[in-house]
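This is what each chain is made of:
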Amino acid sequence: MSDTEIVYVHGRRVWDSRGRPTVEAEIMLAGGGVGRAIAPAGASTGTGEAVDLRDGGAAFGGYDVTRAVQAIRDDIAEEILGRDAADQAGLDHAMIALDGTANKSRLGANALVAVSMAAAHAAAAEAGKPLYRHLGGEDATLLPLPQIQIFGGGAHAGGRVDIQDFMVMCPAAENFAQALDWTAEVYRAAGSLMAEAGTLQGVADEGGWWPAFGTNEQALETLVRAIERAGFRPGEQVGIALDIAASQFGKAGNYKLGLEERTLDSAGMIDLLTGWIARYPIDSIEDPLAEDDAEGFAAFTRAVGGRVQVVGDDFLVTDAARLHQAADAGAANTVLLKPNQRGTLTETVAAWDAAKQRGYSAIVSARSGETEDVTIVHLAIGWSVGQLKVGSFARSERMAKWNEAVRIEEALGPMARFAGGAVLGRSK
Ligand code: 2PG
Ligand code: MG
């Protein structure tokens, strides 16, 4: 029996940052290595995502996960006991085949992703290495440029404003730790601006300040003022990243901006956003158009893709095949990588490989429903992706991830390289 043979598989129900049930998997190997991981959950999900299997019914608003947990204990355990955890692709493909559906609706992508990540942790533990090092070897030294939310909106704030994430990036920071230092100051300055305006009303789902604004653009203006008040030069030291999450309010070419009581077509959305790009120091825009608007995506990318990251989240759903299609059409230039959108690490890596092949950048991303699980930080560094998005700078399910990256940067010492502005195509 090899040391990396799986000898124990367990699933259990735990709780996420929204107080909803989620799936945890635990795996033990013959050599004694143990791995554990928890599935996250989205709120603004793309229709092309693998299925987050929920029980439905009355309990916990229908969000219970007893079926997904049971799938780990029964079907998945039976399939993977005796398999080699060091063969991640073999393991993941066995689970994909066992599920047998195109969207993981039988066993649940939440069950699969927890097991897939737990197996990676167990194999790393068996090898006596941190996960990032196990995944990337000696080359895993690139600390990501973080995208950190200052105001949360959209589906994460009851639709209070239409736009979902108002984030900052610190491309001019010397290292990851300094990017956090700067972000902490901007986050605090934004909180004081809200307090002074009498609009400080707590935080949204991912810890960003509650967006008590009269227009979407007011949030942008306030963000620029917060950057300045924190003592930074907007656009140079600290830039803006937006997640429009347009699938939440746009369908079939109609974009309903509830806050502003107007409906735009695809061209109108593109005008609105290119106007914002002209007036504000925006470096990155995610899901500027809806998932069903590939033509809009391509038009927007033609218009601004040379100077701004155009990121596909709901549009690409961490899917290598979709990325190739998008690349053929010239739509987007960056892909968000969310392991639970597909259900296995192997498929997530495939999307990252496709991105590299087609000249796309990538951003590893958490979900709005998160936990203390820090696996994605190790993926971002282990795969040298260069960017990481985890939500805001508050609430421990977010801070746990930022803190893990601080530890890894420290452990790498002089070997650590910070992705900084280079991932945005900027020279220092
Ligand atoms: C997104 C994520 C994270 P959710 O849209 O990028 O902000 O949200 O997990 O709700 O899909
Ligand atoms: Mg998104």
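Residues numbered from 1 in each chain as written. Chains lettered and ligands numbered in written order. Predicted model: local features only at pLDDT ≥ 70, side-chain atom pairs only at ≥ 80, totals over all residues. Heavy atoms only, no water.

**Q** How would you sum up the overall build of the chain? Please name residues and give values.
**A** Along the backbone of the chain there are 13 helices and 16 strands. Computed over the C-alpha atoms, the radius of gyration of the chain is 21 Å, within 12% of the 22 Å expected from 2.2 N^0.38 for a compact globule of 428 residues. Considering only C-alpha atoms, the chain reaches an extent of 65 × 50 × 45 Å along its principal axes. A total of 428 residues make up the chain; the buried ones form 60% of that total. Considering only contacts within the chain whose residues lie at least 6 apart along the sequence, 71% involve residues at least 24 apart. When the accessible surface of the chain is split by element, carbon and sulfur atoms take 48% of a total near 15,300 Å². Looking at charge distribution, the chain has the averaged site of its 38 positive side-chain charges lying 3 Å from that of its 57 negative ones. (Helix = DSSP H or I, 4+ residues; strand = E, 2+ residues; numbered from the N terminus. Rg over C-alpha atoms; globule rule 2.2 N^0.38 Å. Buried < 20%, exposed > 50% of the residue type's maximum accessible area, 1.4 Å probe, protein only. Contact = heavy atoms within 4.5 Å. Areas by Shrake-Rupley, 256 points an atom, 1.4 Å probe, with all protein chains shown as cover. Lys, Arg positive; Asp, Glu negative; His and termini not counted. Charge placed at Lys NZ, Arg CZ, Asp CG, Glu CD.)

**Q** Give a description of helix H3 (residues 109–127) that names residues and reports values.
**A** With 19 residues, H3 should cover 27 Å at 1.5 Å per step; its first-to-last C-alpha distance of 27 Å lies within 8% of that length. Burial of H3 is extensive: 17 of the 19 residues sit out of reach of the surface. Glycine 128 sits one or two residues past H3 and shows a positive phi near 70°. (Expected span 1.5 Å × (residues − 1).)

**Q** Quick one: what's the story with the sheet that holds strand S12 (residues 309–312), residue by residue and with numbers?
**A** With mixed pairing, eight strands are arranged side by side around a closed barrel as S5-S6-S7-S11-S12-S13-S14-S15. For this sheet, the mean angle separating the axes of adjacent strands, direction not counted, is 30°. The pairing of strand S6 (residues 165–169) with strand S7 (residues 239–243) spans five bridges and is antiparallel. Considered in S7, the bridge of methionine 169 is made with glycine 239. Packed on one face of the sheet, helix H12 (residues 375–382) meets strand S14 (361–365) and strand S15 (387–392) and runs near 155° to S15. (Pairing = 2+ DSSP bridges. Axes fitted to C-alpha atoms, helices over the stretch in contact; angles between N-to-C directions.)

**Q** Lay out the coordination of the magnesium ion (ligand 2) in plain terms, naming residues and giving numbers.
**A** Protein coordination of the magnesium ion (ligand 2) is provided by Asp243 (OD), Glu286 (OE) and Asp313 (OD), with donor distances spanning 2.0 to 2.2 Å. For the magnesium ion (ligand 2), the single-chain donor residues occur in sequence as D-x42-E-x26-D. Separated by 43 residues along the polypeptide, aspartate 243 in strand S7 and glutamate 286 in strand S11 (residues 282–286) bring together distant segments of the chain. Judged by relative accessible area, glutamate 286 falls into the buried class, the value being 1%. (Donors = N, O, S within 2.8 Å, 3.2 Å for Na, K, Ca; no water.)

**Q** Tell me about the pairing of strand S9 (residues 254–257), and name the residues and values.
**A** Of the two faces of S9, the one holding Tyr255 and Leu257 is buried and the one holding Asn254 and Lys256 is not buried anywhere. Relative to S9, strand S8 (residues 250–251) is paired through two bridges, and the arrangement is antiparallel. Looking at S9, one finds that lysine 251 is bridged to asparagine 254. Judged from the three bridges that link them, S9 and strand S10 (residues 262–264) form a sheet pairing that is antiparallel.

**Q** Please give an account of the pattern of salt bridges that cites residues and values.
**A** Across all of its chains, the model carries 29 salt bridges by this definition. With its nearest N and O atoms 2.9 Å apart, the salt bridge here joins lysine 401 to glutamate 370. Here lysine 401 is found in helix H13 (residues 396–412), whereas its partner glutamate 370 is found in the loop between S14 and H12, with 31 residues between them in sequence. The exposure class of lysine 401 is buried, given its relative accessible area of 0%. For glutamate 370, a relative accessible area of 5% gives the class buried. Put simply, glutamate 404 and arginine 407 hold a salt bridge, and the shortest N to O gap is 2.7 Å. Placement of the pair is glutamate 404 and arginine 407 together in helix H13, with a separation of three residues, close to one helical turn. Each of Arg12, Glu24, Glu26 and Arg36 takes part in a single network of salt bridges with overlapping partners. (Salt bridge = Lys/Arg side-chain N within 4 Å of Asp/Glu carboxyl O.)

**Q** Talk me through the layout of surface pockets; I want residue IDs and the actual numbers.
**A** The calculated volume of the largest pocket comes to roughly 230 Å³. Gln88, His134, Leu135, Val349 and Trp383 are, among the 14 residues lining the largest pocket, the residues nearest its centre. Breaking the lining of the largest pocket down by element, the ones donating at least two residues are H3, helix H4 (131–136) and helix H11 (345–357). When residues of the lining of the largest pocket are assigned to their parent elements, the largest contribution, six residues, is made by H11. Taken together, the residues of the lining of the largest pocket break down into nine nonpolar, three polar and two charged. Domain assignment of the residues forming the lining of the largest pocket places at least three in each of domain 1 (6–128) and domain 2 (137–424). (1 Å grid on protein atoms, 1.4 Å probe; cavity = no way out; pocket = protein on both sides within 12 Å on 5 of 7 lines; lining within 4 Å. Points joined across faces, edges and corners; volume = space filled by probe spheres on them. Nonpolar A, V, L, I, M, F, W, Y, C, P; charged D, E, K, R; others polar. Domains from an automatic or database assignment.)

**Q** Explain the domain arrangement of the chain to me, using residue names and the numbers behind them.
**A** Interface size, as often reported, equals the accessible area lost upon joining of the parts. Assigned domains within the chain: domain 1 (6–128) and domain 2 (137–424). Buried surface at the junction of domain 1 and domain 2, both sides included, amounts to about 2,500 Å², of which 51% is carbon and sulfur. Interface area lost by domain 1 to domain 2 is led by Ser17, Pro40 and Ser44, which between them contribute 22%. The interface formed by domain 1 and domain 2 holds three salt bridges in total. Note that arginine 18 and aspartate 205 form a salt bridge whose closest N and O atoms lie 2.7 Å from each other. Summed over the shared surface of domain 1 and domain 2, the result is 21 residue pairs in polar contact (both at pLDDT 80 or more). Broken down by secondary-structure element, the contributors of at least two residues to the side of domain 1 that touches domain 2 are strand S3 (34–38), helix H2 (88–99) and H3. Of the residues forming the side of domain 1 that touches domain 2, the biggest block, seven residues, is contributed by H3. Of the residues assigned to the side of domain 1 that touches domain 2, the class counts are 14 nonpolar, 12 polar and six charged. (Buried area = accessible area lost by both parts, 1.4 Å probe. Polar contact = N/O pair within 3.5 Å; in protein donor to acceptor, adjacent residues only side chain to side chain.)

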